[in-house]
Amino acid sequence: MEHVWLIGMMGSGKTSVGRALAEHLECPFYDTDATVAANAGMSVDEIFDRFGEPRFREFEARAVQVIASQDDGVVSTGGGVVLNPSNVEAMRASGRTVLLDVDTDTIVARLGAASDRPLVSDDPDRRLREIASAREGTYRMAADVVVDALGSIKEVAHRVEAACIGS
Ligand code: S3P
């Protein structure tokens with residue numbers, strides 16, 4: 001197989017679905033946010049706080065390049081990974097990009113009240129809607145496959161497998 005890159009909004013289930021799928025396929029699981037945090041020696045929140053979003057995006061781009069060169073596996077990405085065309089190119093060159101498609105009301109319901117994401121912390125409901133709407137086209141352009149991500153983690157992982165590995 002090639003890498004399976006899970007893309008989509010924060011709260012779309014990339015990390016939980018990615019973990020479940022990697023476990024099921026018995027392959028490596030990677031997470032761009034975790035790689036960024038490990039490389040920076042601090043949490044994603046702290047990077048945003050201390051150095052701002054542009055510096056975080058540099059770390060993120062480096063994480064994508066490193067993961068792309070590693071053994072094939074399932075990758076959970078940060079929601080903003082698609083904003084950089086070089087990331088999209090690297091993801092597609094090393095595998096398939098799978099958009100976990102979830103409607104914005106569900107994202108807001110999942111994250112709205114208690115979001116720890118730095119990009120939306122000031123007003124989660126409004127910011128999540130703004131970001132989802134601003135990125136909608138970019139996610140679809142970046143996706144090789146779009147998977148309905150409503151349902152249990154197991155169901156969604158199976159859908160990703162069928163849409164991606166099975167084809
Ligand atoms: C971001 C999403 C976060 C994290 C950072 C920025 C975004 O990851 O990378 O807070 O720009 O959408 P998740 O999608 O895993 O929440």
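Scroll up a little and you will see the structure.
These figures come from a predicted structure and were not determined experimentally.

Reading guide: rules and limits
- Residues numbered from 1 in each chain as written.
- Predicted model: local features only at pLDDT ≥ 70, side-chain atom pairs only at ≥ 80, totals over all residues.
- Heavy atoms only, no water.
- Near = heavy atom within 4 Å.
- Polar contact = N/O pair within 3.5 Å; in protein donor to acceptor, adjacent residues only side chain to side chain.
- Areas by Shrake-Rupley, 256 points an atom, 1.4 Å probe, with all protein chains shown as cover.
- 1 Å grid on protein atoms, 1.4 Å probe; cavity = no way out; pocket = protein on both sides within 12 Å on 5 of 7 lines; lining within 4 Å.
- Sits in = over half its atoms within 2 Å of the grid points.
- Nonpolar A, V, L, I, M, F, W, Y, C, P; charged D, E, K, R; others polar.
- Core = buried A, V, L, I, M, F, W, Y, C linked by side-chain atoms within 4.5 Å.
- Buried < 20%, exposed > 50% of the residue type's maximum accessible area, 1.4 Å probe, protein only.
- Contact = heavy atoms within 4.5 Å.
- Axes fitted to C-alpha atoms, helices over the stretch in contact; angles between N-to-C directions.
- Helix = DSSP H or I, 4+ residues; strand = E, 2+ residues; numbered from the N terminus.
- Parallel < 35°, antiparallel > 145°, perpendicular 65-115°, else oblique.

(A) Here's a closer look at the site of the ligand. In the vicinity of the ligand, 13 residues are found, and the nearest of them are Lys-14, Asp-33, Arg-57, Arg-117 and Arg-135. In the environment of the ligand, an oxygen atom lies 2.7 Å from a nitrogen or oxygen atom belonging to the side chain of Asp-33. Side-chain polar atom of Arg-135 to an oxygen atom of the ligand: 2.8 Å apart, as the coordinates give it. Look at the ligand: alone it shows 390 Å² of surface, and the protein chains cover 94% of it. The cavity where the ligand resides is the largest pocket. Of the residues contributing to the shell around the ligand, the split by class is five nonpolar, three polar and five charged.

(B) Main features of the nonpolar core. Formed by 51 residues in total, the largest nonpolar core has its most connected members in Val-98 and Val-160. Beyond its immediate sequence surroundings of up to four residues, Val-98 is in contact with Val-4, Trp-5, Leu-6, Ile-7, Val-145, Val-147, Val-160 and Cys-164.

(C) Examining the packing of helix H2 (residues 32-40) against helix H4 (residues 53-68) more closely. Contact geometry for H2 and H4: axes closest at 9 Å, N-to-C directions at 110°. As far as their axial angle goes, H4 and H2 are roughly perpendicular. When H2 is examined against H4, the residues Thr-32, Asp-33, Thr-35, Val-36 and Ala-40 are found in contact with a partner set consisting of Phe-56, Phe-59, Glu-60, Ala-63, Val-64 and Ile-67. Broken down by class, the residue content of the contact of H2 with H4 amounts to seven nonpolar, two polar and two charged.

(D) Here's a closer look at the packing of helix H3 (residues 44-51) against H4. Contact pair H3 / H4: the axes reach a minimum separation of 7 Å and the direction vectors enclose 135°. Here H3 lies oblique to H4, going by the angle between them. Between H3 and H4, the contacting residues are Val-44, Ile-47, Phe-48 and Phe-51 on the first element and Glu-53, Arg-55, Phe-56 and Phe-59 on the second.

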